[in-house]
Amino acid sequence: MADATDDPSNTQLRRALNALQELLVLSMLLFDHHLVDEVLRVFGHSVDSVTQCQLVQVTFLREHEWTSWPGPHVAAWEATPSAGLILEQEGDSWTCTTPIAGLSGPPGRLVLRSAGKPDAQQLFVVERLGHLLGAALVDAELHERDQRRATELDRVNEELARTVAALRHRELVQNAFTQIGATGDAGDVAIALSRLTGRRVVVRDGFGHVTTVSDADGESAAPSLGVEQHRTRTTLRHGGTLVTDIGGGRIDGGTIELDIPAGDEKEEDARFALRTAGNALGMLKAHEAAVAEMEDRLSRDLVEDLLEGAALHTVAARAAAQGHDLRVPHDVILVAWPSGRTGDTWSRDVQLTRQAMASQDLPCFVAHKHGMVVVVAQHGVDIQKLYQDLSREFWPSEGQVAVGEPAAAAEEIPLAYDQARRALTARQHSSNPHGAVAYADLGVERILAVEGNGKEVERLIADWLGTLLSYDSTHQAELVATLAAYLDRGGRYDDTAQALSIHRNTLRYRLTRITEISGHDLSDVETKLNLHLSTRAWRLRGAPRGTNPDI
């Protein structure tokens, strides 16, 4: 009796069962992997043992593009959903082509090669293998798509988180500068910006001068003495510094700078904070300008009324509204600097004078009148300090500051103003025309400058200097100026020659001519006194100044 195991049907059954078992194992392996490349790698290693065929090619749609594995790319294989397994003989070998499912669009194909013609069982396995591979590829593509979407979602969430953080930071910046714009000043803006960014901040005025510096810890530092021009109409980079205009593009508003390296990850936030700080500073400056303009107008009107002798009851209420009590003693001060100043320059001079007076902590009115800055302040102004402070700010650095005697009441302010004018004139026509002078410190000039003595003073000048003045006018000479310089220096030849920038012999010649023309003996003490008084009066009465500034 023959062994049952030798029965061909049993052998085919075992082969079929083994193939199914191989398919089951391969199915488990394929679906354990969730990447297309891993599925293809596992499939390539197992296809021979499952089908006893050699893998030729897998062609399928991947992300809407045809791809082939292994081997070079092939053109798309147009298959219909109804297409089934195709068996073709190619020489001594046979090719099996079966469709594989696709995630979208038409199905792909699986191509195997067999040395002999596959039997029905092999073809069944090949066809099932195509279905299995297609399902595994679809599963892997779905996992990859989900993974990409998860990665994209993470990226979007991170971007959203960064956007939310940036918006919160910007809200914090805007709230900080909005509050400062209502109650703060330029120093507060600089400190806030440095604290928000952790960077050093520099504020410059419209002329490029450093006005405020705040380092990275938010502490305000002293401005540097250097001058650098950084004028722009937007936020620009100069090396490791971002620079923007104050007040949205007004060149004369100045700039604000932030130290931050190029490419810093927080540069965009820093740019926003810098622009917001620039706008806040612009609003502060606009407010300050409006207040200053109103203060200038009110001060100008009040000063005009006070100098014209307005009654106290007509100006007291207006002065009190600005924090001034006109019932206490006041000083009237004149600030005069060289001519050539324009309207804009005078406006700046008024502001600089007001700032200088602020350091003395005395309420005051400041106005521009007749080519001078007039200050009406509560009594106690240190005019020497005022002159020094203004000399550091004004250009040129030398001018005059004069003050009259204290006005005990508002009605005395016109007299104090007149005294300040006399003191100013005396200083301008003195041998040392620059500096501060008080009317109370004048000597004989207090008498010579009194308007009520005008006729007598003019007669004094005519009697003692008349012939010399006529000679100077006719010959374009400077004998009177030479005599004034000589008498101011007590008759010292060297000092006088140096002051006039002439040689001693020239001075000696001029003095000889003065004696000859005037007939006055310069060695006589009484004569020298009268001539000295006459030359002082001549200068106080508006004598033309010589070419030498000492005259």
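Quantities reported herein were computed from a predicted structural model and do not represent experimental measurements. (Residues numbered from 1 in each chain as written. Predicted model: local features only at pLDDT ≥ 70, side-chain atom pairs only at ≥ 80, totals over all residues. Heavy atoms only, no water.)

Participant: Could you give me a rundown of the overall build of the protein, with the residues and numbers involved?
Facilitator: Counting its regular elements, the protein contains 15 helices and 16 strands. Counting only residues that meet the buried cut, the protein has 42% of its 551 residues in that class. Pairs at least 24 residues apart make up 59% of the contacts formed inside the protein by residues separated by at least 6 positions. Of the roughly 28,900 Å² of accessible surface on the protein, 52% is carried by carbon and sulfur atoms. (Helix = DSSP H or I, 4+ residues; strand = E, 2+ residues; numbered from the N terminus. Buried < 20%, exposed > 50% of the residue type's maximum accessible area, 1.4 Å probe, protein only. Contact = heavy atoms within 4.5 Å. Areas by Shrake-Rupley, 256 points an atom, 1.4 Å probe, with all protein chains shown as cover.)

Participant: An account of the packing of aromatic side chains is needed here, citing residue identities and associated values.
Facilitator: Two numbers describe a pair of aromatic rings. These are the distance of the centres and the angle of the planes. Tallied over the entire structure, the rule returns 3 aromatic pairs. Arranged with centres 5.6 Å apart and planes meeting at 35°, the rings of W337 and Y387 form a pair that is tilted. One end of the pair, W337, is in the loop between strand 12 (330-336) and helix 7 (343-358); the other, Y387, is in helix 8 (residues 383-393), with 50 residues separating them in the sequence. Taking relative accessible area as the criterion, W337 reaches 6% and is therefore assigned buried. With centroids separated by 4.8 Å and ring planes inclined at 85°, the aromatic side chains of W337 and F394 adopt a geometry described as edge-to-face. (Phe/Tyr/Trp six-rings, centres within 6.5 Å; stacked < 30°, edge-to-face > 60°.)

Participant: Describe the sheet that holds strand 1 (residues 54-62), listing the residues and the values that go with them.
Facilitator: Taking strand neighbours across the sheet as the criterion, the 5 strands line up as 2-1-5-4-3 in an open arrangement whose pairing is antiparallel. Looking at which strands have only one partner, the edges of the open sheet turn out to be strand 2 (65-69) and strand 3 (86-90). Ignoring which end each strand starts from, the neighbouring axes of this sheet average 15° apart. Relative to strand 4 (residues 93-100), strand 3 is paired through 5 bridges, and the arrangement is antiparallel. Of the residues in strand 4, the one forming a bridge with E90 is S93. Sheet strands in contact with helix 2 (residues 36-51) are strand 1, strand 2 and strand 5 (108-114), and its direction is about 150° off that of strand 1. (Pairing = 2+ DSSP bridges. Axes fitted to C-alpha atoms, helices over the stretch in contact; angles between N-to-C directions.)

Participant: Can you explain the side chain of H520? Please cite residues and give values.
Facilitator: Structurally, H520 is set in the loop between helix 14 (504-518) and helix 15 (525-540). Side-chain polar atoms of H520 contact the backbone oxygen of W464, separated by 3.3 Å. If sequence neighbours within four positions are ignored, H520 has contacts with D463, W464, T515, T527 and L531. (Polar contact = N/O pair within 3.5 Å; in protein donor to acceptor, adjacent residues only side chain to side chain.)

Participant: Would you mind going over helix 5 (residues 267-307) in detail, with residue names and values included?
Facilitator: Counted at 1.5 Å a residue, the expected span for helix 5 with its 41 residues is 60 Å, and the 57 Å between its end C-alpha atoms agrees. Of the residues flanking the end of helix 5, it is G309, one or two places downstream, whose phi is positive at about 85°. (Expected span 1.5 Å × (residues − 1).)

Participant: I'd like a rundown of the nonpolar core, residues and numbers included.
Facilitator: L306 and F365 are the most contacted members of the largest nonpolar core, which has 30 residues in total. The set of elements that each furnish at least two residues to this core consists of helix 5, helix 6 (312-321), strand 12, strand 13 (364-369), strand 14 (372-378) and helix 9 (413-428). Looking at which element gives the most residues to this core, the answer is helix 9, with 7 residues. In this structure, L306 is in contact with V315, L326, F365, V376, A410, I413 and P414, ignoring residues within four places of it in sequence. Counting residues in each nonpolar core, the second largest holds 26 residues, with L26, C96, V125 and A136 among its members. (Core = buried A, V, L, I, M, F, W, Y, C linked by side-chain atoms within 4.5 Å.)

Participant: Could you give an account of unusual backbone geometry, naming the residues involved and the relevant values?
Facilitator: Glycine aside, a negative phi is what most residues show, and trans is what most peptide bonds show. Cis geometry is adopted by the peptide bond preceding P70, which originates at W69 and carries an omega value of -15°. If you check the backbone angles, H370 has positive phi at about 55° while not being a glycine. Considering the arrangement of structural elements, one finds H370 in the loop between strand 13 and strand 14. H370 sits in the exposed class, given a relative accessible area of 64%. In this structure, S501 is a non-glycine residue whose phi angle is positive, near 60°. Here S501 is to be found in the loop between helix 13 (493-500) and helix 14. With a relative accessible area of 59%, S501 lands in the exposed category.

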